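Structure assessment
For reference, the chains in residue letters:
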Amino acid sequence: MTGDRIELAVHDHGGDGPPLLLLHGARRTLADWAAVAPRLVPRHRVLAVDLRGHGLSPSGTWSLPRVLDDIEAVLERYDLPGALPVGHSLGGMIAVLYALEHPGVTPGAVNLDGYGWGRPDQYVGLDPAYVEERLTQMRESAAATASGEPLPVDGLKELLAEQRALSDQLGIPYELLEAGLLRSVRPAPDGRLEVRPEIALVLEMLAAVEALDLFDLFDAFARTRRPLLLGRAARPVPPAPGLPWFDELMTAYGKGLARDLAELAARRSTVRVVGIDGTHEMLLESPGAVAHALLAFTSDALPGSDS
C-alpha cells in the first residue's frame, strides 16, 4: 500500500487488442468474470481485479475516491491507462465514475446492471413513501446479512450448500459459485473462517452507493460524448425469503428503470441500452450473452476491437 492506494489482486487473462478492465460487484470477486473473460480475449487484452477488501486484495477504508485510485494504480502498473472499464453491479457504477474522472484517456464505460435501488419515484405505481419504507427495510436486511462474526471451522460446508442451491435455482455452474466463495474466505487467527468483505467495509460501501445519483452520473458522462453501454437484466430478480412484498417492489422498479433508461438513450446518442438474458447474476448465468453485448459495443466504440 502506498498512501491510500492498495495494490489490488489482478488476474491477467491476456489477449491483444484494446484493453478492458473488468470490475465485479459488491461482496463478489474477480472470479465472477471467469466464464466471460475467455470470450473477450480473442479481441481484447483483458484484466480483472478484486476491489479493495474483496477476494485476495487487501482491506482499507472504503470510499469511492480510494477505489478509483486503486484502479488507476493497476492500469499504471500494467501500462494500460486507456483501458475501457467494464463493471457489473457496484463495479458498473465504479466504471462510470472512473471514466468520468479520467476523460482524457478512458474511451468509454460499461455498466452491467449497476443501478442500486434507485429513487422512490422510479417505482411505477407505488406510493413513494411506501417505497422508502420498504427500501429502508431492504438496507437493514442487507446490512444484517453481512455478519461480522467468523464462521466455525466447519461453517464453510453450509455456505457451499447455499451455493449448490443457488446453482440449482438459477442454472449457474456450481464450480463458478464455489470458486467465488472460496476466494472470499480466509482463516482467522483463532482458526475460524472470515468471509470477506468485513461488516465495516460493507456498511461503508452501502453508504457510498446511497450517496450516488446514478442517472445524473450517466447524463454527465453522456455529455462527454464518449460511448456508454448500460446493460440491464432481462429476467426478474428471484424472490427474497422473508420479504413478501419484494416481488411487487422489484416489478415496479423494473418498469421505472426501463422507462428512464429508454428516455436517457433517446436523449443522448452516445448511450446504448441493452437487455441481457439473465437475472442480476448474469455474469454467471449467461456469460455468452454478456460477452456478445460487450463485443457488439466495443466493435463500434473502440477502434481495432473488431479484427
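The structure this text deals with has already been given above.
Residues numbered from 1 in each chain as written. Predicted model: local features only at pLDDT ≥ 70, side-chain atom pairs only at ≥ 80, totals over all residues. Heavy atoms only, no water.

**Concerning the packing of aromatic side chains**
Threshold: Side-chain rings of Phe, Tyr and Trp (the six-membered ring for Trp) are treated as a pair once their centres are within 6.5 Å; stacked means planes under 30 degrees apart, edge-to-face means over 60, and tilted covers the remaining angles. A run of H or I in DSSP counts as a helix once it spans at least four residues, and a run of E counts as a strand once it spans at least two, with each numbered from the N terminus. Relative accessibility under 20% of the residue-type maximum defines a buried residue, over 50% an exposed one, and the middle range a partly exposed one, all with a 1.4 Å probe and only protein chains included.
Counted by the stated rule, this structure contains three aromatic pairs. For the ring pair Tyr 123 and Tyr 253, a centre distance of 4.8 Å and an interplane angle of 15° mean the geometry is stacked. With Tyr 123 in the loop between strand 5 (109–112) and helix 4 (128–145) and Tyr 253 in helix 9 (residues 246–267), this residue pair connects regions lying 130 residues apart in the sequence. Side by side, Tyr 123 and Tyr 253 carry an identical accessibility label, which is buried. A centroid spacing of 5.5 Å and a plane angle of 65° characterise the contact between Phe 215 and Phe 218, whose relative ring orientation is edge-to-face. Within this pair, Phe 215 and its partner Phe 218 are both found in helix 8 (residues 214–222), separated by three residues, close to a single helical turn.

**Thoughts on helix 7 (residues 199–210)**
In plain terms, the rule: Expected span, for any helix, means 1.5 Å times one less than how many residues it has. It is the directions from the helix axis to the C-beta atoms whose arc is reported. Pairs of residues are marked as contacts when any of their non-hydrogen atoms sit within 4.5 Å.
The first and last C-alpha atoms of helix 7 sit 17 Å apart over 12 residues, in line with the 16 Å expected at 1.5 Å per residue. Restricting attention to buried positions, one finds in helix 7 the residues Leu 201, Val 202, Met 205 and Ala 208. Mapping the buried residues of helix 7 onto a view down its axis gives an arc of 125°, with all of them on the same face. On its buried face, helix 7 sits against helix 2 (64–77) and helix 3 (90–101).

None of this, on its own, says anything about what the molecule does.
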